[in-house]
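Chain by chain, the residues:
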Amino acid sequence: MAKRVGIEVSLAISEAVKLANVDVIAAYPITPQTHIVEHLSELVADGHLDAEFIPVESEHSAMSTCCGSSASGARTYTATCSQGQALMLEICYIAPALRLPIVMTVANRSLSGPISIWNDHSDMMMSRDTGWIQTVAENGQEAFDLTLHAFRVAEDPRVLLPTIVNVDGFTLTHVIEPIEILDQKEVDRYLPPYQPQMRLDPTNPVSIGPVGMPEVYTEAKKAQDEAIKGAKQVILEAWQEFGDMFGRYYKPVETYRTDGAETLLVTMGSLSETAMIAVDQMRTDGKNVGLVRLRLFRPFPFEEFLAAVRGVKQIAVMDRALGLNGAGGPLATEVKAALYDEPERPYIWNYVAGLAGRDVTIENFVEMADGVEAAAADGVRQGYTIINVRE
Amino acid sequence: MAKETGIVSWKDLALGCSIVKPGSSAELKTGDWRSQRPVTDYEKCVQCGQCYIFCPDMVFTQNELGFYQPNMFYCKGCGICARECPADAISMVEESE
């Protein structure tokens, strides 16, 4: 039976990885991911988890080791963030191209410089086009659940793609929450043993990762593109089954009080919970404001997103990363692209907020909702605002 | 033909663009990159085997008379054999095929 315990979210993620019965963990510690791999190394050292824990010398080696391990047919896990993910990025492109179902937690953190260890989504955005499936947790329970979901999806023979679970650094990783920890029998029922479709095996030799000449590269990328697009169906099925088994249902795009809303906030991650309180407050004040949260970031859930925002007048998209390209934040750029083909397009204003651990308050969300309505009335175009910046 | 050139549909690629048959590169025709071909004057050839040693694609094999003959399925016409031949027996001629 599942047990509800008060536990630090990082440790709950480690427990999920243990319950997934991984074979290999190769990781390098980096704040704020450290507690996850620290606890996993303890679980292995103390004999609670029968796995190889490989303490590598860098994140580049971590992902390289994970690729080798996964290619040999082992269930493989790692975790990183920020500068560490930047260092492993070269190999992060290789894993999905080779169709290796590695699962990775990213304890989202800003990128230097200035040097910063605090939470935002710069690292998530850095890796957005690497070809990994990416989900986003809003609280500790989701971080636990999505970790198990990640293994289930990644290893599905119809998918075979590596999967990132994004968890806000500190805001989630370092807080203690009441989390329902599933027991081994329940997890085993949800997550079958990994059945590799192709693996390095001396008795049946294959070459994984050869050069792709111009005659083959385009076809290889087309096959990979089809794989990540096709993954969505499996992601949905795996969430449905999770809900049927354990009572917690997840959707690629979650809505909150969007019925009859004229204005929508769009968020990802833990700040969505603050945004919900802001929406409650604004609804009490008679404002028609709702909230849309992306739980699935890659593949981008176009269909579900468009259905969630159809008919509204204006949208305030909150980005927790700055694109540094003159266009504001990356999420708003994607949301605008998603809406371009719609016959009726809502007005969009982009708010860049919560960079490197900067607080985003309920009042800030009210400011965003009021701001997008005012900007829509003024008819200002192509705009974005950085919230809470000192002039 | 697809086998020789690597030209296949994306649907026919192995998972992750892997190569599932060991040694299959031997079937990949790389000789069609060539713009020049080596021609050996066997009157001058001293059967030293330098062309066999230096060829980066192991194109040359020795025949029963001891002479080295190129396999044009792989020869890319790089000219290393002609450059290294101590007897000046190999010349590069424009590819006409």
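Residues numbered from 1 in each chain as written. Chains lettered and ligands numbered in written order. Predicted model: local features only at pLDDT ≥ 70, side-chain atom pairs only at ≥ 80, totals over all residues. Heavy atoms only, no water.

## Brief notes about the overall build of chain B
Under the convention used in this document: Only DSSP runs of H or I reaching four residues or more are called helices, and only runs of E reaching two or more are called strands; each is numbered from the N terminus. Every radius of gyration here is taken over C-alpha atoms, with the globule rule written as 2.2 Å times N^0.38, N being the number of residues. Remark: exposure states derive from per-residue accessible area (1.4 Å probe, protein chains only) relative to the maximum for the residue type, with buried under 20%, exposed over 50%, and partly exposed in between. Residue burial considers only the protein chains on display, and all accessible areas are found by Shrake-Rupley using a 1.4 Å probe. In this count, Lys and Arg are taken as positive residues and Asp and Glu as negative ones, while His and the chain termini are left out. Every charge is mapped to an atom, namely NZ of Lys, CZ of Arg, CG of Asp or CD of Glu.
The helix and strand inventory of chain B stands at three helices and four strands. At 16 Å, chain B has a C-alpha radius of gyration far larger than the 13 Å of a compact globule built from 97 residues. Viewed in the frame of its principal axes, chain B has a C-alpha envelope of about 50 × 25 × 20 Å. Burial status across chain B gives 30% buried among its 97 residues. On chain B, roughly 6,400 Å² of surface is accessible, and the fraction owed to carbon and sulfur atoms is 53%. Positive and negative charge centroids in chain B, built from 9 and 13 side chains respectively, lie 7 Å apart.

## Examining the environment of Lys3 of chain A
Residues and elements named next belong to chain A. As a reminder, the rule being used: When checking whether two residues touch, look at their non-hydrogen atoms; a contact exists if any pair is within 4.5 Å.
Inspection of the secondary structure puts Lys3 in strand β1 (residues 3–8). What makes Lys3 exposed here is its relative accessible area of 57%. When the C-alpha atoms of Lys3 and Asp183 are compared, they prove to be 7.5 Å apart, with 180 residues separating the residues in sequence. In this view, Lys3 contacts Ile179, Glu180 and Ile181; residues no more than four positions away in its chain are not counted.

## Section: the environment of Asn71 of chain B
Residue and element names in this part refer to chain B. To keep it simple, the criterion reads: Here a polar contact means two N or O atoms within 3.5 Å. Within protein one must be a hydrogen donor candidate and the other an acceptor candidate, and residues neighboring in sequence count only if both atoms are side-chain atoms.
In this structure, Asn71 sits in the loop between β3 (68–70) and α3 (80–84). The sequence separation of Asn71 and Val59 amounts to 12 residues, and the corresponding C-alpha distance is 5.1 Å. Polar side-chain contacts of Asn71 include one of 3.0 Å to the backbone nitrogen of Phe73.

## Description of the side chain of Thr147 of chain A
Residue and element names in this part refer to chain A. On the secondary structure map, Thr147 appears in helix α6 (residues 140–154). Classification of Thr147 as buried rests on a relative accessible area of 1%. Apart from the residues within four sequence positions on either side, Thr147 is in contact with Ile13, Ala16, Val17, Glu142 and Val165.

## Re the interface of chain A and chain B
Rules: Summed over both partners, the accessible area lost on bringing two parts together, with a 1.4 Å probe, is the buried area.
Each partner contributes to the interface: chain A provides 19 residues, whereas chain B provides 16 residues. When chain A packs against chain B, the two sides together hide about 1,400 Å² of surface, and 75% of this comes from carbon and sulfur. The largest share of the area that chain A buries against chain B comes from Met198, Glu215 and Glu219 of chain A, three residues that together contribute 29% of it. The interface formed by chain A and chain B holds one residue pair in polar contact (both at pLDDT 80 or more) in total. At seven residues, helix α8 (residues 214–246) of chain A tops the list of elements feeding residues into the side of chain A that touches chain B.

## A look at the pairing of strand β10 (residues 263–267) of chain A
Residue and element names in this part refer to chain A. Inclusion rule: A strand pair is defined by DSSP finding two or more bridges across the two strands.
Burial analysis of β10 places five of its five residues in the buried class, which makes it a mostly covered element. Neither face of β10 is exposed, since Thr263, Leu265 and Thr267 on one face and Leu264 and Val266 on the opposite face are all buried. Pairing between β10 and strand β11 (residues 289–294): five bridges, direction parallel. Bridge pairing links Leu265 to Leu291 in β11.

What is shown is where atoms sit, not what they do.
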